Amino acid sequence: MFLSKILGFFSNDLAIDLGTANTLVSVKGKGIVINEPSVVAIKADKHKNRVLAVGKEAKDMIGKTPKDIIAIRPMKNGVIADFDITEEMIRYFIKKVHNRKSLIHPRIVICVPYGLTQVERKAVKESAMSAGAREVFLIEEPMAAAIGAGLPVKDPQGSMVIDIGGGTTEIGVISLGGLVVSKSIRTAGDKFDKSIVDYINKKYNLVIGERTAEEIKIEIGTAIQLDKELKMLVKGKNRITGLLETITVTSEDVREALKEPIKELGEALKEVLEQTPPDLAGDIVENGIVLTGGGALLRGIDKYFSDLVSLPVFVAEEPLLAVARGTGMALDQIDLLSNVEE
Ligand SMILES: Nc1ncnc2c1ncn2[C@@H]1O[C@H](COP(=O)(O)OP(=O)(O)OP(=O)(O)O)[C@@H](O)[C@H]1O
Ligand SMILES: [Mg+2]
């Protein structure tokens, strides 16, 4: 205890939004200091794998690496898919924040998806501990998203948030500082990208990679019919001839491709609303639903949900930063957070 206090005096507590797509780190008093893709580039060596790059630099290598270099996304569907690489990534970010003063062992708040199993929670804790953390606290993503979006989570009234990330979509109804109803489904941005890859393959016989699919989604993607259709030129490989080809993809194509995964989000939303106690539901009718996460930036997703459940739906300010902001704010109340069970 005493030692922990002394160490604490020298260390800077960190908050990490360890996302499937992006990792954001914030420091007390400074806000978000790191915002990079959750990607690690590895050079496979005879004896040991060597980390070549982390973050944006590594993401730029995806799909473009020579044989002995691989770009890995260690988080899948919101959980750790590759333990060692996740640890390397956390270690790298801790070092970066603390200017490589490797003696510092911070306390860390990490945001995790709602409903992780005990084993999955432990894996997150252990990777942060091996990466140099002194103590690890977890906060669930819908709660962090709601705090970061500025919702009155502590009040005795219902607030509702939908966080559409890369790996998971998290839906939560919050009141009096706790999650009253929540649900996490493994349908989010990555699934959207996959659906676009499959659709283009089927309709145009064109093989594209997931990065291209993500670019299409961001540039012309939509959840609803648009007044003016958007178009984009897309390069890929013809599945039958094997030749390179350029085609025009439209926003209607993308809407069609995303129909199924977006429908899944809608079903989950309806389920959560069904489970919401009537008084809190009344608050939500009044205050509406707030969208966070990168998926909130998809054109018309707010209108899609709003039409589906006949409730007001708003996109949070800077939705990509909401969870990290909320996790950062939780640093101020670190002692109230649940420590990870042994
Ligand atoms: N303008 C946009 N339109 C649609 N999708 C977008 C847009 N910008 C980013 N995205 C998507 O948002 C996702 C990343 O969002 P975010 O950073 O919130 O996820 P994450 O926190 O890393 O994932 P998770 O919370 O599931 O672990 C990616 O799938 C990305 O393609
Ligand atoms: Mg997230």
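Rules behind the numbers
- Residues numbered from 1 in each chain as written.
- Chains lettered and ligands numbered in written order.
- Predicted model: local features only at pLDDT ≥ 70, side-chain atom pairs only at ≥ 80, totals over all residues.
- Helix = DSSP H or I, 4+ residues; strand = E, 2+ residues; numbered from the N terminus.
- Contact = placed C-beta atoms within 7 Å.
- Core = buried A, V, L, I, M, F, W, Y, C linked by C-beta atoms within 7 Å.
- Buried ≥ 20, exposed ≤ 12 C-beta atoms within 10 Å, placed from the backbone.
- Axes fitted to C-alpha atoms, helices over the stretch in contact; angles between N-to-C directions.
- Parallel < 35°, antiparallel > 145°, perpendicular 65-115°, else oblique.
- Nonpolar A, V, L, I, M, F, W, Y, C, P; charged D, E, K, R; others polar.
- Near = placed C-beta within 6 Å.
- Domains from an automatic or database assignment.
- Pairing = 2+ DSSP bridges.

Participant: Got a sec to walk through the environment of Gly-166? Specific residues and values, please.
Facilitator: Inspection of the secondary structure puts Gly-166 in the loop between strand S11 (159-164) and strand S12 (169-175). Excluding anything up to four places from it in sequence, Gly-166 contacts Gly-19, Thr-20, Ala-21, Ala-188, Gly-189, Asp-190 and Gly-294.

Participant: So what's going on with the nonpolar core? Residues and values would help.
Facilitator: Counting residues in each nonpolar core, the largest one holds 92 residues, and the members touching the most others are Val-40, Ile-110, Ala-146 and Ile-196. Every residue in contact with Ala-146, bar those within four places of it in the chain, is listed here: Leu-151, Val-153, Ser-159, Val-161, Gly-172, Ile-174 and Gly-326.

Participant: Tell me about the packing of helix H5 (residues 141-148) against helix H11 (residues 322-330), and please be specific about residues and values.
Facilitator: H11 packs onto H5 with a crossing angle of 90° between their chain directions and a minimal axis gap of 7 Å. On the basis of their axis angle, the class for H5 and H11 is roughly perpendicular. Side by side, H5 and H11 meet where Glu-141, Ala-144, Ala-145, Ala-146, Ile-147 and Gly-148 of the first sit next to Ala-322, Val-323, Ala-324, Arg-325, Gly-326, Thr-327, Met-329 and Ala-330 of the second. In terms of residue class, the contact of H5 with H11 is built from nine nonpolar, three polar and two charged.

Participant: Can you lay out the site of ligand 1 for me, pointing to particular residues and giving the numbers?
Facilitator: Among the 24 residues in the neighbourhood of ligand 1, the closest are listed as Gly-19, Ala-21, Gly-165, Gly-189 and Gly-294. Counting residues per element, the ones that place at least two in the shell around ligand 1 are helix H6 (189-204) and helix H7 (210-220). No other element matches the three residues that H7 contributes to the shell around ligand 1. Looking at the shell around ligand 1 residue by residue, the classes come out as seven nonpolar, 13 polar and four charged.

Participant: Please set out the domain arrangement of the chain residue by residue, giving values where relevant.
Facilitator: Splitting the chain by domain gives domain 1 (2-38 + 73-143 + 323-336), domain 2 (152-187 + 258-320) and domain 3 (190-252). The centre of domain 1, based on its C-alpha atoms, is set 25 Å off from the matching centre of domain 2. When contributions to the side of domain 1 that touches domain 2 are tallied by element, the ones reaching two or more residues are strand S7 (75-76) and H5. Sort the elements by how many residues they give to the side of domain 1 that touches domain 2 and H5 lands first, with three residues.

Participant: Let's hear about the sheet that holds strand S4 (residues 40-43): which residues, and what values?
Facilitator: Taken in spatial order, the three strands of this open sheet run S5-S4-S6, and their pairing is antiparallel. The two strands at the open ends of the sheet, each matched to only one other strand, are strand S5 (50-54) and strand S6 (69-72). Direction aside, neighbouring strands of the sheet carry axes that sit 25° apart on average. As paired elements, S4 and S6 share four bridges and run antiparallel to each other.

Participant: For the sheet that holds strand S18 (residues 313-315), give the residues involved together with the corresponding values.
Facilitator: Overall, mixed pairing links the five strands, which are arranged S13-S12-S11-S17-S18 in an open sheet. One side of each edge strand has no neighbouring strand; the edge strands of this open sheet are strand S13 (178-185) and S18. Averaged over all pairs of adjacent strands, the angle between strand axes in this sheet comes to 20°, irrespective of strand direction. Along the sheet face, helix H10 (residues 301-309) touches strand S17 (289-292) and S18 and points at about 165° away from the line of S18.

Participant: Please set out the pairing of S4 residue by residue, giving values where relevant.
Facilitator: By the bridge criterion, four bridges tie S4 to S5 in an arrangement that is antiparallel. Counted as the bridge partner of Ile-42 is Val-51 from S5. The loop that links S4 with its antiparallel partner S5 comprises six residues.

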